[in-house]
Amino acid sequence: MATKHGPEPDEQRPTTVDTLSVTALRPPAPERAPDAAPKAADQDETVPAQRHVPKHAAKEPGEITPAGEAPAATAADVLQSRPSRLEGLLVWLRRPAGRTAGAGLAIALLLGAAFAAGRYLVPAVAKPQAGGSAPPPTATPGGIETGEAPAPMPPASSFSPPAGTRERPADVLAAWAGPRAVKLNIPPVAMQAYGYAELITARTTPGCKLTWTTLAGIAKIESDHGRTNGSLVQEDGKSVPPIIGPPLDGQSDRKAIRDTDGGTIDTDKTWDRAVGPMQFLPSTWKQFGVDADADGVTDVNDIDDAALTAAAYLCANGRDLSTLEGWNAAIHAYNIPEEYRTAVFNATNDYGRRDRTG
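Residues numbered from 1 in each chain as written. Predicted model: local features only at pLDDT ≥ 70, side-chain atom pairs only at ≥ 80, totals over all residues. Heavy atoms only, no water.

Visitor: Even after reading the chapter, I still don't get the state of the cysteines, so can you show me in this structure?
Guide: One covalent bond between the sulfur atoms of two cysteine residues makes up a disulfide. According to the stated counting rule, one finds one disulfide in the structure shown. Between the sulfur of Cys208 and that of Cys315 lies a disulfide, 1.9 Å long from S to S. Linking Cys208 and Cys315, the disulfide has an S-S dihedral of approximately -75 degrees and is accordingly described as left-handed. Of the two residues, Cys208 sits in the loop between helix H5 (188–204) and helix H6 (212–223) while Cys315 sits in the loop between helix H8 (303–314) and helix H9 (324–334), which places them 107 residues apart along the sequence. By relative accessible area, which is 0% here, Cys208 ends up buried. (Disulfide = S-S within 2.5 Å. Helix = DSSP H or I, 4+ residues; strand = E, 2+ residues; numbered from the N terminus. Buried < 20%, exposed > 50% of the residue type's maximum accessible area, 1.4 Å probe, protein only.)

Put into structure tokens, the structure is as follows:
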């Protein structure tokens, strides 16, 4: 940090003192009385000039005055010649009229101060804070930071694992997903699943224009990428133990949805529950579920299957997620509350911004 230095002292310069010119005053001659004797012809009628003495040049008491000059006024003489305005005010305030006026002035000042506090201080404190639950900006999703897209893969007729990979097709994105997983605090397996779902969707539903950041934003809000309630995402993509939400029994602002799967997916035979890292209802999963890792099972607790199923659900009905209307409609289809859309928007934008910077 640069240190500020004060200005260098000014060089000594000769100072000048203004002098006041002496003005000769010639007052009118007094009228003579009729019987007054005329003055001698050689008598001078000129009045000696009176020198104006500025206050800073007043002579100290006892200083000898040159002959022919009037005695200089002292500082005490100047102060005594003019009564102090402050002393006059104090004398006036001691009188009954002054005391009454002073009390009225004090009340007026207090009322003015109270008005100023109410007019300027209170609104500043009461102003709502920015951020928090504020709605997202009204820009199109094209303005959302989408992050770097995964590298395109060669076309494939099925979801069979590519040569040289392990059991999961998404392993082909290990090099792309690894650094991002560390930077964004997302499990590497989940990061691969989001990128793989974007690639497959771009091939099967090109008009949707889905990005991995939207899937990551939803997963962050729904289950912290399969890590909520003590669960962990395994190398095969499964969350252990399974993530099962509260019963949709109409309590605590939850919807009331009776069981639709006999408890085979959510383990509840009375009420439906949201299940897995992307929190699908059993009825939705039965309609849209996809086997993304080619293991022969559509597993709602598997991040690969859940991410690609979420992509298919978001892109349904011809939605274009690169438009404001399409993106909002997709998120509202996933969950209705406006607060939910705001949370997903913020998470999506945060992942995209952080992926492109730093």
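Visitor: What is the right way to read the nonpolar core from this model?
Guide: Across soluble globular proteins, nonpolar side chains have a tendency to be buried as a group. Counting 52 residues, the largest nonpolar core has Tyr194 and Tyr334 as the members making the most contacts within it. When residues of this core are traced back to their parent elements, those giving at least two are helix H4 (174–184), H5, H6, helix H7 (282–288), H8, H9 and helix H10 (338–356). At nine residues, the largest contribution of residues to this core is made by H5. Those residues in contact with Tyr194 that sit more than four places away from it in its chain are Ile186, Trp212, Leu215, Ala216, Ala219, His225, Ile303 and Ala307. (Core = buried A, V, L, I, M, F, W, Y, C linked by side-chain atoms within 4.5 Å. Contact = heavy atoms within 4.5 Å.)

Visitor: How do you make sense of the confidence of the model for the protein chain when you look at a structure like this?
Guide: Reading predicted coordinates in detail is not appropriate for stretches of low pLDDT. Counting all residues, the mean pLDDT for the protein chain is 73, and 56% of those residues have values of 70 or more. For residues 1–30, every residue scores under 50 in pLDDT, and the model assigns this stretch nine contacts once sequence neighbours within four places are set aside. Note on residues 155–159: pLDDT is under 50 here. Beyond four places in sequence and across chains, it has 10 contacts. (pLDDT = per-residue confidence, 0-100.)

Visitor: Where do I start with unusual backbone geometry in this structure?
Guide: Note: most residues except glycine have negative phi, and most peptide bonds are trans. A cis geometry characterises the amide bond from Val240 onward to Pro241, with omega recorded as -5 degrees. Note that Pro241 resides in the loop between strand E2 (239–240) and H7. We note that Asn185 has phi near 60 degrees; this positive angle belongs to a residue other than glycine. The residue Asn185 is located in the loop between H4 and H5 in this model. A positive phi angle, near 65 degrees, is found at Asp253, a position not held by glycine. Taking the relative accessible area as the measure of exposure, Asp253 reaches 84% and is therefore exposed.

Visitor: Help me understand the packing of H4 against H10 in this model?
Guide: Packed helices, taken two at a time, are described by the angle their axes make and the gap between the axes. At a closest axis distance of 10 Å, the pairing of H4 and H10 adopts a crossing angle of 115 degrees. H4 and H10 meet at a crossing whose hand is right-handed. On H10, the residues touching Arg180, Lys183 and Leu184 of H4 are Tyr351, Arg354 and Asp355. Its residues assigned to classes, the contact of H4 with H10 comprises two nonpolar, no polar and four charged. (Axes fitted to C-alpha atoms, helices over the stretch in contact; angles between N-to-C directions. Left-handed = near helix turned anticlockwise from the far one by under 90°. Nonpolar A, V, L, I, M, F, W, Y, C, P; charged D, E, K, R; others polar.)

Visitor: Is there a simple way to explain the environment of Ala343 in this structure?
Guide: Within the secondary structure, Ala343 sits in helix H10. Under the relative-accessibility criterion, Ala343 is labelled partly exposed at 26%.

Visitor: Can you walk me through the pattern of salt bridges in this structure?
Guide: Here the idea is simple: oppositely charged side chains can pair when their charged atoms come close. For the structure on display, the rule yields 13 salt bridges. Across the pair Lys220 and Asp224 runs a salt bridge whose closest N-O atoms are separated by 3.1 Å. For Lys220, a relative accessible area of 36% puts it in the partly exposed group. The partner of Asp350 in a salt bridge is Arg354, and the shortest N-O contact between them spans 2.9 Å. Of this pair, Asp350 and Arg354 both sit in helix H10, four residues apart, roughly one helical turn. Looking at Asp350, the relative accessible area reads 23%, which means it is partly exposed. (Salt bridge = Lys/Arg side-chain N within 4 Å of Asp/Glu carboxyl O.)

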